[in-house]
Amino acid sequence: MQAKSGIVSRSVSSVSSFRSGSFFAKLLAILSVALTVVLVDSVNAEAKPANPKYAGIVVDAKTGNVLYSENADRLQYPASLTKMMTLYMVFEALEQGRIRLNTPVPFSAHAAAQAPTKLGVRAGGTITVEQGILGLVTLSANDASTALGELLAGSEDRFAQLMTAKAHALGMTRTTYRNANGLPNTAQMTTARDQARLGIALRQHFPQYYGYFSTRAFKFGSRTIRSHNRLVGSVRGVDGIKTGYTRAAGFNLVSSVQVDGKSIVSVVLGGTSGAARDAQMRNLIATYLPKASSRGGNSALVAQAAPAPAIIETPAPVQPQKARQQLAPQPVAQQQVAKTITAAQPPISAAAADLSLPHKGPLPDARYQVAATEVAYTETSATKSDNPLVAQAMPAPTKVKTTSFKQQAPAPAPAEPDSAAVDHVTTASTSAAPESAAPAGWVVQVGVSPSRQMAMDLLEGAKSKGGKALASAKPFAVAYGTGNDQVYRARFGGFDDQRDAVNACKALKKAGIKCWAAAQ
């Protein structure tokens, strides 16, 4: 019995050992397969190419600190971000009184022939400057952009030269323009950092016109034209600025955000789709806006450059008889109305920048060099690549830099408009509105704007910087002129005597806001 028992015991032991060995063998095989899968996935992840066109930057618009950057100084195609500089030139001309919002803009054959997207104005037709501005910020109209350039400089070539000089004067030393609208040209280049600088300059230098960038839609004839910028009205605090797309450039976007006393300008270049670009921008805003400073902002980060030369070296396009009559010299009284637009704006100072700095390497000397495979597209939901599923193609914001945004010679900053996005349909001509009740006594004027709301936004920004001197002041907007000539004077009232008004103006000037005091 003992022998048998020993045999049974050894048999059980052998079976147990066999089963145990089989279990560990299976476990080892499973672990081996799992490790192989992990290694393969890791190799595939490393082998998966990153988006080679991507570049981005986030700048604290109050301090100039760079909160995030990725390929921020690499040369890239701006596409329709070009129109930001076109609008800068237009706003400057308005501020100087060289044009007005109702000045007719004639369309040459060259302007009318620009590729879509466009307003579709025929050669010989005209629009107003204000219609052109709205066409650029909403539809990104290529024909209107070219027509505006021709109006200001006589030819698009000459206008592109002035744009480039202005860019360099603003510190955008790696940017070169060859046309007014951003249609493909291999010599037209910029960087994410340069576009951030331009976005800040637009907001700080032209608060009286900056509100146009938040327009959601506007009426053009029988059409209602809606904005391509989907973040305006959908992301809190986003008040512009501009989208852009060509095949060579990818999907571009510059966004300005102002929330709870914090302010940033963010740039995304080279997105793989409109949805991917917008998703990346939302991500950057959510990540870096909390890191922005709520202090500072008393001086301009980008100094205003010297005004563009008014010399026209190229003959202007032939204009229709009606347009020639409208562009004829205006009577002195009407000229005075135009001059009120610049009455209370900051002085222009030359920026300390080398205007002769060229790009590194040769640039093709091509006027309108468009590759056969490149076409401009309207950014609509019908675009095949505009698919939310590919939003992950954009890199996550992982790089944080606290280096200072390179500044030019500082200049006094005008008051900034309120951050709330304008959620309305704007008409191309400012409609007449009843004049606000103007308080008696002395007043302080801080600027002139094309709409009542923009004037009130200007006043709100000024009051936040005026301190005790404006504690009891009453902000109001006074309509001046009629029809298309109507503008709104942004004023503070409620001052009992000249001394109080002058002291309030002095306080504003210390905060970098140009103003003047007068008896009502």
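Residues numbered from 1 in each chain as written. Predicted model: local features only at pLDDT ≥ 70, side-chain atom pairs only at ≥ 80, totals over all residues. Heavy atoms only, no water.

Peer 1: Please explain the packing of aromatic side chains as it appears in this structure.
Peer 2: How two aromatic rings sit relative to each other is set out by the distance from centre to centre and by the angle between their planes. Taken as a whole and assessed by the stated rule, the structure comprises eight aromatic pairs. A centroid spacing of 4.8 Å and a plane angle of 75 degrees characterise the contact between Y88 and F206, whose relative ring orientation is edge-to-face. One end of the pair, Y88, is in helix α2 (residues 82–95); the other, F206, is in the loop between α7 (192–205) and α8 (207–210), with 118 residues separating them in the sequence. The buried category is assigned to Y88, whose relative accessible area is 1%. Residue classification places F206 among the buried positions, given a relative accessible area of 1%. Ring plane angle 45 degrees and centroid distance 5.3 Å describe the contact between Y210 and F213, whose orientation is recorded as tilted. F213 matches Y210 in its accessibility class, with the two residues each being buried. Among the aromatic side chains, those forming a connected cluster through ring pairs are Y88, F91, F206, Y209, Y210 and F213. (Phe/Tyr/Trp six-rings, centres within 6.5 Å; stacked < 30°, edge-to-face > 60°. Helix = DSSP H or I, 4+ residues; strand = E, 2+ residues; numbered from the N terminus. Buried < 20%, exposed > 50% of the residue type's maximum accessible area, 1.4 Å probe, protein only.)

Peer 1: What is the right way to read the state of the cysteines from this model?
Peer 2: Two cysteines form a disulfide when their sulfur atoms are joined by a covalent bond. Considering all chains together, one arrives at one disulfide under this definition. Here C505 engages in a disulfide with C515; their sulfurs sit 2.1 Å apart. Handedness here is read from the sign of the S-S torsion; for C505 and C515, about 120 degrees, the answer is right-handed. Taken together, the positions of C505 in helix α13 (residues 498–510) and C515 in the loop between α13 and β14 (516–519) put the pair 10 residues apart, joining distant regions of the chain. Here C505 matches C515 in class, with each residue buried. (Disulfide = S-S within 2.5 Å.)

Peer 1: Even after reading the chapter, I still don't get the environment of D73, so can you show me in this structure?
Peer 2: Considering the arrangement of structural elements, one finds D73 in the loop between β2 (66–70) and α2. The class of D73 is partly exposed, set by a relative accessible area of 37%. Aside from chain neighbours lying at most four places away, what touches D73 is R174, T191 and R193. (Contact = heavy atoms within 4.5 Å.)

Peer 1: I tried to follow the sheet that holds β14 on my own but got confused; where do I start?
Peer 2: Strand pairs in the sheet, formed through backbone hydrogen bonds, run parallel or antiparallel to each other. If you trace the four strands from one edge of the open sheet to the other, you get β12-β13-β11-β14, paired in antiparallel fashion. Here the strands that pair on one side only, and so sit at the sheet edges, are β12 (474–480) and β14. In this sheet, neighbouring strand axes are inclined to one another by 40 degrees on average, regardless of whether the strands run parallel or antiparallel. Those strands touched by helix α12 (residues 452–466) are β11 (442–449), β12 and β13 (487–495), and its axis lies near 40 degrees from that of β13. Strands in contact with α13 are β11, β13 and β14; relative to β11, the strand with the most contacts, it is inclined by about 40 degrees. (Pairing = 2+ DSSP bridges. Axes fitted to C-alpha atoms, helices over the stretch in contact; angles between N-to-C directions.)

Peer 1: It is not clear to me how the nonpolar core should be interpreted in this structure. Could you clarify?
Peer 2: Nonpolar side chains tend toward joint burial in soluble globular proteins. Counting 65 residues, the largest nonpolar core has M85, F91, L94, L119, I133 and L198 as its most contacted members. Ranked by residue count, the leading element in this core is α2, at nine residues. For M85, the residues in contact, after removing those within four places along its chain, are M163, K166, A167, L170, M172, Y177 and L198. Counting residues in hydrophobic clusters, the runner-up holds 20 residues, among them V446, L459, F492 and A504. (Core = buried A, V, L, I, M, F, W, Y, C linked by side-chain atoms within 4.5 Å.)

Peer 1: Got a minute to help me understand the pattern of salt bridges in this structure?
Peer 2: Oppositely charged side chains can pair when the atoms bearing their charge come close. If you walk through the whole model with that rule in mind, you get five salt bridges. Linking R230 and D278 is a salt bridge whose minimum nitrogen-to-oxygen distance equals 3.8 Å. Highlighted residues: R230 in the loop between β6 (223–226) and β7 (238–246) and D278 in helix α9 (residues 274–288), separated in sequence by 48 residues. For R230, a relative accessible area of 31% gives the class partly exposed. Measuring nitrogen to oxygen at the nearest pair gives 3.0 Å for the salt bridge that ties R236 to D260. (Salt bridge = Lys/Arg side-chain N within 4 Å of Asp/Glu carboxyl O.)

Peer 1: How should I be thinking about the sheet that holds strand β9 (residues 262–271) in this particular structure?
Peer 2: Taken in spatial order, the five strands of this open sheet run β2-β1-β9-β8-β7, and their pairing is antiparallel. The strands lining the two open edges of the sheet, one partner per strand, are β2 and β7. Across the sheet, the mean angle from the axis of one strand to that of its neighbour is 5 degrees, orientation sign disregarded. Where strand β1 (residues 55–60) and β2 come together, four bridges link them in antiparallel fashion. Bridge pairing links I57 to S69 in β2. Against the sheet, α7 engages β1, β2, β7, β8 (250–259) and β9, with an angle of about 140 degrees to β9.

Peer 1: Just checking my understanding: could you explain a positive patch on the surface for this structure?
Peer 2: A contiguous patch of positive charge, built from K506, K509, K510 and K514, is present on the exposed surface. With respect to the helices and strands, K514 occurs in the loop between α13 and β14. (Patch = residues over 30% accessible without salt bridge, like charges linked within 9 Å, V, L, I, M, F, W, Y side chains within 5 Å. Areas by Shrake-Rupley, 256 points an atom, 1.4 Å probe, with all protein chains shown as cover. Lys, Arg positive; Asp, Glu negative; His and termini not counted. Charge placed at Lys NZ, Arg CZ, Asp CG, Glu CD.)

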